[in-house]
Amino acid sequence: MYERITKRLFSAESVAVFMHINPDGDCVGSSLAMYAYLKNLGKTVDVYVEKKEDIRENLRILPNIEAIGVCEGKRYDLGIALDCGSASRMGNASAKVYFDKCDERICFDHHETSEPFADETVFENVAATAQILYKFFKENDASAIDKDVATCLYAGLLTDTGAFAFSNTSDETLRIALELRSYGIDAYRLLYKLVKEERREIFELRNRVLGKAKFFLDDRMGLIAFMRSDFEATGTQDKDTEGIINSLINIEGVKIAVSVAEMADKRAFKVGIRTKDGVNAGKYAALFGGGGHANASGCRIYADYDETVKRLTEAAKLVLDGDGAE
């Protein structure tokens, strides 16, 4: 199934693994799983992210987290981008530049709106990039899968499926999760640290923004806003918003939940989108140049708050009342 990819990977002696900006659990887990797997095969491996500070604290329990660095300009036989649906997801600084300088380039991704940018792309519309990697690892050299690899892959599955509660959880996802548990991983600790536990500062941020939630279009759309003042008041950062939007989409009658996070320059917003009842989040995000999955996606809007909310609401009306709810 993966003949060409396997040939490129196994012939490479030096490999650089690249994460997307603001990496989530699937991205970090997949990247560290790839790192450990390739090290077990005797490769020279480095893992890169554009900004190390963007890695959330709860993900720092994963094995080999200290291996993650920022690009140093070295050349590699092979560059591997993980969980990146487009070149822009690698960021605007050094990561994409050094990825392009690798002699060969591969991307593993599971986003429906993927835009190929590597020499070879392994794409499957499954719950997580970690799900693709497990099958790839198992097919090519299962002996290189150890507890560290399994732990990181399980973390990717766990976080991208909402602890196996999201609609993207398939029978295959659950079978793979069960196989990964057989490696002796601490599944409960991963669940507690990556899904359940949160710092008090994030608890305060959650309460602060949810208390100011707004609803539009006969309550079919809900919106929460993370302003710089909210981050400053609670001692949190943009990366701490992960998962808070789920409280909004769980409200009865809400079909589109949107979170807008004010970026540092206060002239743009990072937008997170969750949908249900057949509304396609990826198509909604694509109206703003973004993308993602059927029920989870994102984009950026370069405008002030009022204009951002106006654009999002107008687009939501089109999606809900037009042909976007497929």
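Scroll up a little and you will see the structure.
Here the residue numbers are simple positions, counted from 1 along each chain's written sequence. Local features in this predicted model are restricted to residues of pLDDT 70 or higher, and side-chain atom pairs are both shown and tallied only at a pLDDT of 80 or more, whereas totals for entire chains, interfaces and linings draw on every residue. The basis for every side-chain value is the complete set of heavy atoms in the structure, and neither hydrogens nor water enter the calculation.

Chemist: When you look at the sheet that holds strand β8 (residues 221-226) in this model, what are you seeing that I'm missing?
Modeler: Within a sheet, adjacent strands bond to each other through the backbone by hydrogen bonds, running parallel or antiparallel. Here six strands make up an open sheet; going across it, the order is β7-β8-β9-β10-β12-β11 and the pairing mixed. Two strands lie at the open edges of the sheet, namely β7 (214-216) and β11 (291-292), each paired on one side alone. Paired strands are those between which DSSP finds at least two bridges. Note on conventions: DSSP H or I runs of at least 4 residues are helices, E runs of at least 2 residues are strands, and numbering of each starts at the N terminus.

Chemist: Sorry if this is basic, but what is going on with the nonpolar core here?
Modeler: The nonpolar side chains of soluble globular proteins are, as a tendency, buried together. Joining through side-chain atoms within 4.5 Å is the link that ties buried Ala, Val, Leu, Ile, Met, Phe, Trp, Tyr and Cys residues into a set, and such a set is a nonpolar core. For each residue, the accessible area found with a 1.4 Å probe, counting protein chains only, is set against the maximum for its type, and the residue is called buried under 20%, exposed over 50%, and partly exposed in between. Judged by nonpolar contacts, the single largest core of 55 residues is most densely connected at Met34, Ile68, Ile80, Phe108, Phe137 and Leu153. Per-element tally for this core: the top contributor is helix α2 (residues 25-40), with nine residues. In terms of nonpolar packing, the next biggest core, distinct from the first, is built from 24 residues, Leu217, Tyr284, Ala285 and Ala303 among them.

Chemist: Please clarify how the sheet that holds strand β4 (residues 78-82) should be interpreted in this entry.
Modeler: Here six strands make up an open sheet; going across it, the order is β3-β2-β1-β4-β5-β6 and the pairing parallel. Both outer strands of the open sheet, β3 (68-69) and β6 (120-123), are each paired with one neighbouring strand and no more. By the bridge criterion, four bridges tie strand β1 (residues 14-18) to β4 in an arrangement that is parallel. Within β4, the position partnered with Ala16 by the bridge is Gly79. Together, β4, β5 (104-109) and β6 form the strand contacts of helix α4 (residues 129-141), whose direction differs from that of β5 by roughly 120 degrees. The contact criterion used is simple: two residues touch if any of their non-hydrogen atoms lie within 4.5 Å. Between N-to-C directions, angles span 0 to 180 degrees; the directions come from axes that are lines fitted to C-alpha atoms, helices contributing only their stretch in contact.

Chemist: How should I be thinking about helix α8 (residues 200-210) in this particular structure?
Modeler: One turn of the α-helix equals 3.6 residues, which is why residues spaced by three or four share an orientation. Among the residues of α8, those classed as buried are Ile202, Leu205, Arg206 and Val209. Down the axis of α8, the buried side of the element spans an arc of 100 degrees, and every buried residue falls inside it. Buried residues belonging to α8 abut β8, α9 (228-234) and α10 (246-249). Within this analysis, the arc is defined by the directions that extend from the helix axis to the C-beta atoms.

Chemist: What's the story with the environment of Ala128 in this structure? I'm lost.
Modeler: Tracing the sequence through the fold places Ala128 in the loop between β6 and α4. A relative accessible area of 0% means that Ala128 is categorised as buried. Setting aside chain neighbours within four positions, we find Ala128 in contact with Asp26, His110, Gly156, Leu157 and Asp160.

Chemist: When you look at the packing of helix α5 (residues 147-160) against helix α7 (residues 187-196) in this model, what are you seeing that I'm missing?
Modeler: Helices that pack against each other are described as a pair by the angle of their axes relative to one another and the distance between those axes. Axis separation between α5 and α7 bottoms out at 10 Å; the angle between their running directions is 50 degrees. On the basis of their axis angle, the class for α5 and α7 is oblique. Crossing of α5 over α7 shows right-handed handedness. Note on element contacts: α7 touches α5 through Ala187, Leu190, Leu191, Leu194 and Val195, opposite Thr151, Tyr154, Ala155, Leu158 and Thr159. Its residues assigned to classes, the contact of α5 with α7 shows eight nonpolar, two polar and no charged. Geometric relationships in this document are graded by angle, where less than 35 degrees denotes roughly parallel, more than 145 denotes roughly antiparallel, 65 to 115 denotes roughly perpendicular, and other angles denote oblique. Handedness of each helix crossing follows the sense of rotation of the near helix against the far helix: counterclockwise by less than a right angle gives left-handed, clockwise gives right-handed. Polarity classes work like this: nonpolar for Ala, Val, Leu, Ile, Met, Phe, Trp, Tyr, Cys and Pro, charged for Asp, Glu, Lys and Arg, and polar for all others, with Gly in that last group.

Chemist: Can you walk me through the pattern of salt bridges in this structure?
Modeler: Between Lys or Arg on one side and Asp or Glu on the other, a salt bridge is scored when a side-chain nitrogen of the former is within 4 Å of a carboxyl oxygen of the latter. This model, assessed by the stated rule, comprises 24 salt bridges. In this structure, the salt-bridge partner of Asp230 is Arg208, at a minimum N-O distance of 2.4 Å. Taken together, the residues span a long stretch of sequence, with Asp230 in helix α9 and Arg208 in helix α8 at a distance of 22 residues. Owing to a relative accessible area of 0%, Asp230 belongs among the buried residues under this scheme. A salt bridge links Asp277 to Lys255; the shortest N-O distance between them is 3.2 Å. Separated by 22 residues along the polypeptide, Asp277 in the loop between β10 (269-275) and α11 (281-286) and Lys255 in the loop between α10 and β9 (256-262) bring together distant segments of the chain.

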